[in-house]
Amino acid sequence: MKIIGVIGGCGSGKSEVSNLFKNRFNAYIIDADEIAHNVISKDSKAYKKIVNHFGKHILDDNGNINRSKLGKLVFADEKELKYLTEITHPYINEDITNIINKLKNENKYSYIVLEITALGEGEIYSLIDEYWYIYCDIDVRIERLLKYRNISTESAMNIISKQLSDEEFRKYADVIIDNSNTLDITYDQMKKYLD
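Quantities reported herein were computed from a predicted structural model and do not represent experimental measurements.

## A short note on the environment of Phe25
Consideration 1: Inspection of the secondary structure puts Phe25 in helix α1 (residues 14-25).
Consideration 2: The class of Phe25 is buried, set by a relative accessible area of 8%.
Consideration 3: For the pair Phe25 and Leu183, spaced 158 residues apart in sequence, the C-alpha separation works out to 15 Å.

## Things to note about the nonpolar core
Consideration 1: The biggest cluster of nonpolar side chains holds 33 residues, and the ones touching the most others in it are Ile30, Ile50, Ile65, Leu70, Ile96 and Ile116.
Consideration 2: Listing elements by their share of this core, those giving two or more residues are β1 (2-7), α2 (32-39), α3 (45-54), α4 (67-75), α5 (78-106), β3 (111-115) and β4 (130-135).
Consideration 3: Among the elements that line this core, the one with the most residues is α5, at 6 residues.
Consideration 4: When sequence neighbours within four positions are dropped, the list of residues in contact with Leu70 reads Ile50, Phe54, Ile58, Ile65 and Leu84.
Consideration 5: By size, the runner-up hydrophobic cluster in this structure holds 16 residues, among which are Ile4, Leu20, Val175 and Ile177.

## What about unusual backbone geometry?
Consideration 1: A positive phi angle, near 55°, is found at Asn107, a position not held by glycine.
Consideration 2: With respect to the element layout, Asn107 can be found in the loop between α5 and β3.
Consideration 3: On the basis of relative accessible area, Asn107 is assigned to the exposed category, the value being 54%.
Consideration 4: Unlike most non-glycine residues, Asn150 shows phi in positive territory, near 55°.
Consideration 5: Tracing the sequence through the fold places Asn150 in the loop between α7 (138-149) and α8 (153-161).

## Remarks on the sheet that holds strand β5 (residues 175-178)
Consideration 1: Strand order in the open sheet made by the 5 strands is β2-β3-β1-β4-β5, with parallel pairing throughout. Two strands bound the open sheet, and with one partner strand each, they are β2 (27-31) and β5. On average, each strand axis in the sheet is inclined to that of its neighbour by 25°, with strand direction left out of account.
Consideration 2: Across 4 bridges, the pairing between β1 and β4 is parallel. By the bridge assignment for β4, Ile7 is matched with Tyr133.

## Regarding the confidence of the model for the protein
Consideration 1: Averaged over every residue, the pLDDT of the protein is 90; the share at 70 or more is 96%.
Consideration 2: Per-element confidence in the protein ranges from a low mean pLDDT of 73 for helix α6 (residues 123-127) to a high of 97 for β5.

## Examining the packing of α4 against α5
Consideration 1: At a minimum axis distance of 6 Å, the contact between α4 and α5 shows a crossing angle of 125°. Overall, the two elements α4 and α5 adopt an arrangement that is oblique. Of the residues in α5, those in contact with Leu70, Leu73, Val74 and Phe75 of α4 are Glu78, Glu80, Leu81 and Leu84.
Consideration 2: Taken together, the residues of the contact of α4 with α5 sort by class into 6 nonpolar, no polar and 2 charged.

Thresholds applied
Residues numbered from 1 in each chain as written. Predicted model: local features only at pLDDT ≥ 70, side-chain atom pairs only at ≥ 80, totals over all residues. Heavy atoms only, no water. Helix = DSSP H or I, 4+ residues; strand = E, 2+ residues; numbered from the N terminus. Buried < 20%, exposed > 50% of the residue type's maximum accessible area, 1.4 Å probe, protein only. Core = buried A, V, L, I, M, F, W, Y, C linked by side-chain atoms within 4.5 Å. Contact = heavy atoms within 4.5 Å. Pairing = 2+ DSSP bridges. Axes fitted to C-alpha atoms, helices over the stretch in contact; angles between N-to-C directions. pLDDT = per-residue confidence, 0-100. Parallel < 35°, antiparallel > 145°, perpendicular 65-115°, else oblique. Nonpolar A, V, L, I, M, F, W, Y, C, P; charged D, E, K, R; others polar.

What follows is the structure, encoded as structure tokens:
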């Protein structure tokens, strides 16, 4: 059972590629962003540390962390982003490692696909057999972010600027998939590496 890390910046279409893996290649998808969301849920260890550091103004009316408010703070300040990462990554790594180990024992899937935005150090990265970089033209990425996140072009550019560059992603990549066009074209590229 191969473990594939699907990497790429916001708007590149990692989720679309992950869905193709799931629906056509018998893959189990682990969304690191979803794990991160759970890790900062109310009353978690990370939650308390985050609220103590950033303040209660990042909370919604129900006392949950408003990810949009937190995101605006950390994407505007590199030190704050680093601090948030240092709080959350150990918990994220632990959860993902547990899921991977459970799936390996069950042995029901051909692939485990870990969808990740940020690359880093830690236990989960040593478990990944192959990195697939989902490339997408910058204009298409911005267009997708504007459509699906309902943000301004300036905000989209700011988010993209805080992530790894195309060149940096390519350094990690074992496979590069161009997702700038239709999903059929993307699927045809994937088949070359999986069939």
